[in-house]
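Breakdown of the fold
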Amino acid sequence: MMTKSGNRFLSDNHATKNFMDCADVSAKCQRNPVALASEANPAMTRKLDLSGCWNDVMQLFRTHRELLLSVAGVFILLPGLAFAMFVPPPQSPPDADLTTIYANMQSFYQGNFGWIILIGLLNGFATIVMLVLMLDPSRPSVSEAMRRAFSIILPYYAMGVLSGVLTFLGSLAFILPGIYIFVKLIVAGPVMVAERKH
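Residues numbered from 1 in each chain as written. Predicted model: local features only at pLDDT ≥ 70, side-chain atom pairs only at ≥ 80, totals over all residues. Heavy atoms only, no water.

Here we take up the packing of aromatic side chains. Under the definition given, this model contains 5 aromatic pairs. Centroid distance Phe125 to Phe150: 4.7 Å. Interplanar angle 40°. Geometry classified as tilted. Separated by 25 residues along the polypeptide, Phe125 in helix 6 (residues 113-135) and Phe150 in helix 7 (residues 142-172) bring together distant segments of the chain. By the ring-pair criterion, three or more aromatic residues cluster together here, those being Phe75, Phe125 and Phe150. (Phe/Tyr/Trp six-rings, centres within 6.5 Å; stacked < 30°, edge-to-face > 60°. Helix = DSSP H or I, 4+ residues; strand = E, 2+ residues; numbered from the N terminus.)

A few words now on the side chain of Thr167. Counting through the fold element by element, Thr167 comes out in helix 7. Owing to a relative accessible area of 19%, Thr167 belongs among the buried residues under this scheme. (Buried < 20%, exposed > 50% of the residue type's maximum accessible area, 1.4 Å probe, protein only.)

Close approach of charged atoms allows side chains with opposite charge to pair. According to the stated counting rule, one finds 1 salt bridge in the structure shown. The salt bridge partner of Arg148 is Asp136, with a shortest N-O separation of 2.9 Å. In this pair, Arg148 sits in helix 7 while Asp136 sits in the loop between helix 6 and helix 7, placing the two residues 12 residues apart along the sequence. Owing to a relative accessible area of 4%, Asp136 belongs among the buried residues under this scheme. (Salt bridge = Lys/Arg side-chain N within 4 Å of Asp/Glu carboxyl O.)

For Arg139, which is not glycine, the phi torsion reads 55° and is therefore positive. Relative to the helices and strands, Arg139 is located in the loop between helix 6 and helix 7. The partly exposed category is assigned to Arg139, whose relative accessible area is 22%.

Structurally, Ile153 is set in helix 7. For the pair Ile153 and Ile128, spaced 25 residues apart in the sequence, the C-alpha separation amounts to 7.6 Å. If sequence neighbours within four positions are ignored, Ile153 has contacts with Phe125 and Ile128. (Contact = heavy atoms within 4.5 Å.)

Take the packing of helix 7 against helix 9 (residues 188-195) next. Packing of helix 7 against helix 9 leaves a shortest axis separation of 10 Å and a crossing angle of 145°. Crossing of helix 7 against helix 9: the hand is right-handed. Where helix 7 approaches helix 9, its residues Arg148, Ile152, Pro155, Tyr156 and Met159 are matched on the opposing element by Ala188, Gly189, Met192 and Val193. Looking at side-chain class alone, the contact of helix 7 with helix 9 contains 7 nonpolar, 1 polar and 1 charged residues. (Axes fitted to C-alpha atoms, helices over the stretch in contact; angles between N-to-C directions. Left-handed = near helix turned anticlockwise from the far one by under 90°. Nonpolar A, V, L, I, M, F, W, Y, C, P; charged D, E, K, R; others polar.)

Written out as structure tokens, the structure is:
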């Protein structure tokens, strides 16, 4: 008879596999949609099931909820709260014009540029750690997931910058190309984390 923990482990593995199947289909479509079509069964073309992917993500979140909330609390919530508490927001008089408001905002970001970058790096690091915790079939501990996150953080950010640039360039040619590129690259981060070798 299967124990409750055993059933949970199998369900978690099934959700991880299904999510990675969805990400794999999307990644193959981005690289070579013609090759993907030729690999498919002529009688049944494999499609990306966004609803199924979402259900699998929620299953993974429920399974790892305590670890994910702990990582998010330390690397996302606490830095954001500290920044909000100790860094005063830009102040503008009620009758200020747009030029004054813009100057105040510019001064605020220039004065706190280092802290804003640090919070962004911590948030990105937390995202990688949480992806490793959910997608690594070896079920690493938080410390092991953090070590893996350190090893891929630079290519992960490089990919993020490249995706942002491509999305921005697509948005310049009206809005729809930018949205299309964004949707195409939305699973690039999880795919990079899941396929990265130890």
